[in-house]
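Here is what each chain is made of, one letter per residue.
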Amino acid sequence: VSATNTNDPLANGSFTHPFAHIQDGLNAATNLDTVLVLNGVYSGTGNTNLDFLGRAITLQSVNGPSNAVIDCQTTGGGFWLHNGEGNSSVINGFTIKRAASNIPAIYLQSGSPTINNCVFQGNGGEVLKGNPVTFSTTPTEVDSCVFSQNVGVVVDVGVGQVDLQNSLFVSN
């Protein structure tokens, strides 16, 4: 996926013809695929409120969270996981910023993904929110993340569980 590839009529998800929107990559992926995201700032339709569609997909930035930014522009959230995604659904290496005050940066309606090496910065509401009535026996794994300058509750997984390791909370 490439933020700069907005007008390629041959976009097919390859390195020579990458998709312009992250959701297009997730839509094309099947279980156990990896969707690679190139450097850039991703915002707007197709780049926020991202849905794994219940698949075990790894969504990974190529060069880490300082180079792949999901900017929610205070109009939505970063991810909406609502189809029972498990630990094989992985979000790795993104900055997720400016989620709206009424929408979490990552909403775990039903799911327990793995979240690695991400930065959550300047979000207006909850950062990582679970469904208060849906219980998952598998904890959401959060490792090596930074939570910085967020306004609302940072981690609230409802009746679910979280395995939070090697992460940093700064000025929330």
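Reading the values: rules and limits
- Residues numbered from 1 in each chain as written.
- Predicted model: local features only at pLDDT ≥ 70, side-chain atom pairs only at ≥ 80, totals over all residues.
- Heavy atoms only, no water.
- Buried < 20%, exposed > 50% of the residue type's maximum accessible area, 1.4 Å probe, protein only.
- Helix = DSSP H or I, 4+ residues; strand = E, 2+ residues; numbered from the N terminus.
- Pairing = 2+ DSSP bridges.
- Phe/Tyr/Trp six-rings, centres within 6.5 Å; stacked < 30°, edge-to-face > 60°.
- Polar contact = N/O pair within 3.5 Å; in protein donor to acceptor, adjacent residues only side chain to side chain.
- Contact = heavy atoms within 4.5 Å.
- Disulfide = S-S within 2.5 Å.
- Salt bridge = Lys/Arg side-chain N within 4 Å of Asp/Glu carboxyl O.
- Patch = residues over 30% accessible without salt bridge, like charges linked within 9 Å, V, L, I, M, F, W, Y side chains within 5 Å.
- Areas by Shrake-Rupley, 256 points an atom, 1.4 Å probe, with all protein chains shown as cover.
- Core = buried A, V, L, I, M, F, W, Y, C linked by side-chain atoms within 4.5 Å.
- Axes fitted to C-alpha atoms, helices over the stretch in contact; angles between N-to-C directions.

S.K.: Looking at this model, I keep getting lost on the pairing of strand β1 (residues 34-37). Mind explaining?
M.R.: Burial along β1 is one-sided: the residues Val35 and Val37 are buried and none of Thr34 and Leu36 is. Note: β1 against strand β3 (residues 58-61), four bridges, orientation parallel. If you follow valine 37 over to β3, its bridge partner there is serine 61.

S.K.: Just to check I follow, could you spell out the packing of aromatic side chains for this structure?
M.R.: Between two aromatic rings, the relevant description is the distance of the centres plus the angle of the planes. Applying the stated criterion to the full structure yields three aromatic pairs. When the ring of phenylalanine 52 is compared with that of phenylalanine 79, the centres are 6.3 Å apart and the planes differ by 55°; the resulting orientation is tilted. Note that phenylalanine 52 is positioned in the loop between β2 (40-43) and β3 and phenylalanine 79 in strand β5 (residues 79-81), a separation of 27 residues in sequence. Pairing phenylalanine 147 with phenylalanine 169 gives two aromatic rings, centres 4.7 Å apart and planes at 10°, and the pair type is stacked. Taken together, the residues phenylalanine 147 in strand β13 (residues 146-148) and phenylalanine 169 in strand β16 (residues 168-170) connect sequence positions 22 residues apart.

S.K.: Sorry, what's going on with the side chain of asparagine 5 here?
M.R.: Tracing the backbone shows asparagine 5 in the segment before α1 (22-28). Judged by relative accessible area, which is 16%, asparagine 5 ranks as buried. Reaching out from asparagine 5, the side chain makes a polar contact with the backbone oxygen of proline 18 at a distance of 2.3 Å. Residue contacts for asparagine 5: discarding those within four places in its chain leaves Ala11, His17, Pro18, Phe19 and Ala20.

S.K.: Even after reading the chapter, I still don't get the state of the cysteines, so can you show me in this structure?
M.R.: Two cysteines whose sulfur atoms are joined by a covalent bond form what is called a disulfide. Inspection of the entire model under this criterion finds zero disulfides. Free of any disulfide, cysteine 72 has its nearest cysteine sulfur in cysteine 118, 12 Å distant. Its relative accessible area of 1% is what places cysteine 72 among the buried residues.

S.K.: Would you take a moment to explain the pattern of salt bridges for this structure?
M.R.: Tallied over the full model, the rule gives two salt bridges. We note a salt bridge from aspartate 71 to arginine 98, for which the minimum N-O separation is 2.9 Å. Taken together, the residues span a long stretch of sequence, with aspartate 71 in strand β4 (residues 68-71) and arginine 98 in the loop between β7 (95-97) and β8 (106-108) at a distance of 27 residues. According to the relative accessible area criterion, aspartate 71 is buried, its value standing at 8%.

S.K.: So what exactly am I meant to see when it comes to a nonpolar patch on the surface here?
M.R.: Taken together, the side chains of Phe15, Leu36 and Val62 define a hydrophobic patch exposed on the protein surface, amounting to about 290 Å² of accessible area. As for its placement among the helices and strands, leucine 36 is situated in strand β1.

S.K.: Would you explain the nonpolar core in this entry?
M.R.: As a rule of thumb, soluble globular proteins bury nonpolar side chains together. Counting residues in each nonpolar core, the largest one holds 34 residues, and the members touching the most others are Ile106 and Phe120. Counting residues per element, the ones that place at least two in this core are α1, β1, β4, β5 and β8. Ignoring anything within four residues of it in the chain, the contact list for isoleucine 106 reads Phe79, Leu81, Ile91, Ile96, Ile115, Phe120, Val127, Leu128 and Lys129.

S.K.: Is there a simple way to explain the sheet that holds β16 in this structure?
M.R.: Strands pair in a sheet through their backbones, by hydrogen bonds, and they do so in one of two ways: parallel or antiparallel. Pairing in this open sheet of six strands is parallel, and the strands run β2-β4-β7-β10-β13-β16 from one edge to the other. Each of the sheet's edge strands pairs with one partner strand only, and the pair in question is β2 and β16. The average undirected angle you get between the axes of adjacent strands in this sheet is 15°. Alignment of β13 against β16, held across three bridges, turns out to be parallel. Opposite phenylalanine 147, over in β16, you have phenylalanine 169 as the bridge partner.

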